[in-house]
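Chain and residue survey
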Amino acid sequence: MEWYLETDMMIAYLLVAIGIIGLLLQNRYGYNPKLRDMEDPHIMDAIDTFGTMMSNVYSLPPVKIVIEDLSNESAVYVDGPIEACFMPKDKNGSRIIIDLERLKSDGWDLSTLCSVVIHEYTHYYDCSLFDDYKDWLKDYESNPWHYELRSKQSEKDYTKTLMKEYCELTKQTNSL
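This section reports on the structure supplied with the text. This is a predicted model, so every value here is computed, not measured.

Structural notes on the environment of Ala-46
The residue Ala-46 is located in helix 2 (residues 40–58) in this model. Residue class for Ala-46 comes out buried when judged on its relative accessible area of 0%. When the C-alpha atoms of Ala-46 and Tyr-166 are compared, they prove to be 7.7 Å apart, with 120 residues separating the residues in sequence.

Pasting the structure below:
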C-alpha cells in the first residue's frame, strides 16, 4: 500500500511539472500579442527595434522599412500574395516592405513579425555582399531557394534572441 502512495505522489509531481512547463512554453517570450491587438505606433516601434537589432547583427547601416500594400506583388519562388519583401537599389535606396494589414488580417503575432524582419534583413545582408545590387538580383532570380533557405535559417537562429531582447527593452521602458 505504501508504494501506491509513492506512485500517486510521483504522478502528482509529474503533472505539476508538465503544467508549469506548458505555461512557460505557452508564452515563451513573455510578450507576444497578435498584431491586430496592438496599436500601429507600437508595431512600428517593434519593427524599428528589430531592424536596429539586425543592423547590429550584420554590421550594416539600417535599411528603410516601409509599410505598403503588397497584394498585387508576386515573388520569383512562389505563386500568390507576399507579406514582405526586400527591394534592393543603390546603397541609399534599398528598403524592406511589409504588408502590415495582411499580417494583421492573417492573425500574425509579434514574434512572426520579428521573423519577417529577420528574413528580409538577411536578404539585405546577402545583397550587400555584391558590388552591384543588380548582380544580387540576377543571382537571386537564378537561385531563389538558396537565399530563401538562408533567410529561413536566420529566422530560426535569431527570432528567440531578438524577442527576448525586445521584451527586456519594453519592460525597462515601461518601468521608467
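Describing the pattern of salt bridges
One pass over the structure, following the stated rule, counts five salt bridges. A salt bridge links Arg-150 to Asp-126; the nearest nitrogen and oxygen atoms lie 2.6 Å apart. With Arg-150 in helix 6 (residues 144–175) and Asp-126 in helix 4 (residues 110–128), the pair connects residues that are 24 residues apart, well separated along the chain. Accessibility expressed as a relative area gives 33% for Arg-150, which makes it partly exposed. Residue Glu-155 is joined to Lys-152 by a salt bridge in which the shortest nitrogen-to-oxygen separation is 3.9 Å. Taken together, the residues Glu-155 and Lys-152, both in helix 6 and three residues apart, mark about one turn of the helix. What makes Glu-155 buried here is its relative accessible area of 16%. Linked by salt bridges that have partners in common, Asp-40, Glu-101 and Lys-104 make up one network.

What counts, and at which threshold
- Residues numbered from 1 in each chain as written.
- Predicted model: local features only at pLDDT ≥ 70, side-chain atom pairs only at ≥ 80, totals over all residues.
- Heavy atoms only, no water.
- Helix = DSSP H or I, 4+ residues; strand = E, 2+ residues; numbered from the N terminus.
- Buried < 20%, exposed > 50% of the residue type's maximum accessible area, 1.4 Å probe, protein only.
- Salt bridge = Lys/Arg side-chain N within 4 Å of Asp/Glu carboxyl O.

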